[in-house]
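Okay, here's what each chain looks like letter by letter:
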Amino acid sequence: MTILDIVTYPAKSLAEPSEKITEIDDTIKTLIENMAETMFEAPGAGLAAVQVGVNKQLIVVNTTEGDEAENSYMALINPEIVESDGEFISEDEGCLSVPELRATVKRFNRVKVTALDPDGNAVELNEEGFPAVVLQHEIDHLNGILFLNRISSLKREMYKRKVKKWMKGH
Ligand code: NI
């Protein structure tokens, strides 16, 4: 297994919508394993293919806590939010593609997600609270949306300035 490089803001590719997966071949299966490994290594609660430079509708999520957390994950292909309701204030949300930023994001409290599993079977998930937030965050990536787009404009501008300074320093 390979730890993949994570694409970070302001890379333009992060703003592009990902393409639907039409065939779950060995390349996709290997990508899933490598993405899971990369997520555990980071560590993160989720990772979208676009974050490792692959423009395909694939996410891995790990919303379990405690001892089981390290080696359990779920891979979802072509995931889609089909129902959502309620409000959840996601505090201290972060993203592996947006380093050094934590911010509050307003999310739905509950989502219903349909997707395919790595064997091509249709799955339906009903999640609430933190796992629902992770799914919304990762599915946002597939639509070219970063959590940066969902925070206050003041905080966003401050972050953009910080990134510009970093880039000058390199
Ligand atoms: Ni993210």
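Look up: the structure comes first, before these words.
This structure is a prediction, so every number in the text was calculated from the model and none was measured.

(A) Molecular detail of the environment of Lys-20. Along the chain, the position of Lys-20 falls in the segment before α1 (26-41). Taking the C-alpha atoms as reference, Lys-20 lies 9.3 Å from Pro-79; in sequence the two are 59 residues apart. Apart from the residues within four sequence positions on either side, Lys-20 is in contact with Gln-57, Asn-78 and Glu-80.

(B) Representation of empty space enclosed by the protein within the structure. One pass over the structure, following the stated rule, counts one cavity of 30 Å³ or more. Its boundaries defined by the atoms lining it, the largest cavity holds a volume of some 30 Å³. Considering the residues around the largest cavity, the lining is formed by Val-61, Thr-63, Met-74, Glu-127, Pro-131, Val-134 and Leu-135. Of the residues in the lining of the largest cavity, the class split is five nonpolar, one polar and one charged.

(C) Representation of the pattern of salt bridges. Tallied over the entire structure, the rule returns eight salt bridges. Notably, a salt bridge pairs Asp-85 with Arg-110, separated by 2.8 Å at the nearest N-O pair. You can see Asp-85 sitting in strand β3 (residues 74-85) and its partner Arg-110 sitting in strand β6 (residues 110-116), a full 25 residues away along the chain. Taking the shortest distance from any N to any O, the salt bridge between Arg-150 and Asp-140 comes out at 2.6 Å.

The rules we used
- Residues numbered from 1 in each chain as written.
- Predicted model: local features only at pLDDT ≥ 70, side-chain atom pairs only at ≥ 80, totals over all residues.
- Heavy atoms only, no water.
- Helix = DSSP H or I, 4+ residues; strand = E, 2+ residues; numbered from the N terminus.
- Contact = heavy atoms within 4.5 Å.
- 1 Å grid on protein atoms, 1.4 Å probe; cavity = no way out; pocket = protein on both sides within 12 Å on 5 of 7 lines; lining within 4 Å.
- Points joined across faces, edges and corners; volume = space filled by probe spheres on them.
- Nonpolar A, V, L, I, M, F, W, Y, C, P; charged D, E, K, R; others polar.
- Salt bridge = Lys/Arg side-chain N within 4 Å of Asp/Glu carboxyl O.

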